[in-house]
Amino acid sequence: QEVMDMEVKPQPSQPHWYERHIQPCLAELLGTALFIFIGCLAVLEDSGGTGRLQPALAHGLALGVTVTVLGNI
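Residues numbered from 1 in each chain as written. Predicted model: local features only at pLDDT ≥ 70, side-chain atom pairs only at ≥ 80, totals over all residues. Heavy atoms only, no water.

S.K.: Describe the overall build of the protein, listing the residues and the values that go with them.
M.R.: Of regular secondary structure, the protein possesses three helices and zero strands. In the protein, the succession of helices and strands from N to C terminus is α-α-α. Taken over 73 residues, the protein has a buried fraction of 7%. Taken as a whole, the protein presents about 6,700 Å² of accessible surface, with 67% of it coming from carbon and sulfur. (Helix = DSSP H or I, 4+ residues; strand = E, 2+ residues; numbered from the N terminus. Buried < 20%, exposed > 50% of the residue type's maximum accessible area, 1.4 Å probe, protein only. Areas by Shrake-Rupley, 256 points an atom, 1.4 Å probe, with all protein chains shown as cover.)

As structure tokens, this is what we get:
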């Protein structure tokens with residue numbers, strides 16, 4: 001009787017190999033490419049008086065947008 005009253009909890013499944021190996025590498029590649037691209041464009045479009053502020057804002061806004069859009073992945 002007691003054996004039948006015990007609940008059997010299912011074992012959590014292991015993540016797929018893609019989620020363990022490929023997805024983090026692709027995320028790192030996308031993030032690095034985005035920051036290099038945004039940073040280079042921010043420096044190329046320097047209007048003279050902004051100095052270091054324009055690249056810093058470009059990187060910060062790009063990071064904010066990326067986290068907002070892709071945060072639930």
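S.K.: Describe the packing of helix α2 (residues 17-44) against helix α3 (residues 53-70), naming the residues involved and giving the relevant values.
M.R.: At their nearest, the axes of α2 and α3 sit 9 Å apart, and the two run at 150° to each other. Crossing angle aside, the handedness with which α2 passes α3 is right-handed. Facing α2, whose interface residues are L30, L34, F35, I38, G39, A42 and V43, α3 presents Q54, P55, A58, H59, A62, L63, T66 and L70. Considered class by class, the residues forming the contact of α2 with α3 number eleven nonpolar, four polar and no charged. (Axes fitted to C-alpha atoms, helices over the stretch in contact; angles between N-to-C directions. Left-handed = near helix turned anticlockwise from the far one by under 90°. Contact = heavy atoms within 4.5 Å. Nonpolar A, V, L, I, M, F, W, Y, C, P; charged D, E, K, R; others polar.)

S.K.: Hey, could you go over α3 for me, with residue numbers and the actual values?
M.R.: For α3, with 18 residues, the first-to-last C-alpha span of 25 Å sits near the 26 Å given by 1.5 Å per residue. Inspection of α3 places P55, A58 and A62 among the buried residues, and these make up the whole buried set. For α3, the buried positions fall inside an angular range of 60° around the axis, keeping them on one side. Every exposed residue of α3 that faces more than 90 degrees away from the buried side is listed here: L53, L61, V67 and T68. The secondary structure elements touched by the buried residues of α3 are α2. (Expected span 1.5 Å × (residues − 1). Arc of directions from axis to C-beta.)

S.K.: Tell me what's going on with a nonpolar patch on the surface, and back it up with residues and numbers.
M.R.: The grouping of W17, Y18, I22, L26 and L29 at the surface amounts to a nonpolar patch, some 500 Å² of accessible area in total. Its place among the elements puts Y18 in helix α2. According to the relative accessible area criterion, Y18 is partly exposed, its value standing at 37%. (Patch = residues over 30% accessible without salt bridge, like charges linked within 9 Å, V, L, I, M, F, W, Y side chains within 5 Å. Salt bridge = Lys/Arg side-chain N within 4 Å of Asp/Glu carboxyl O.)

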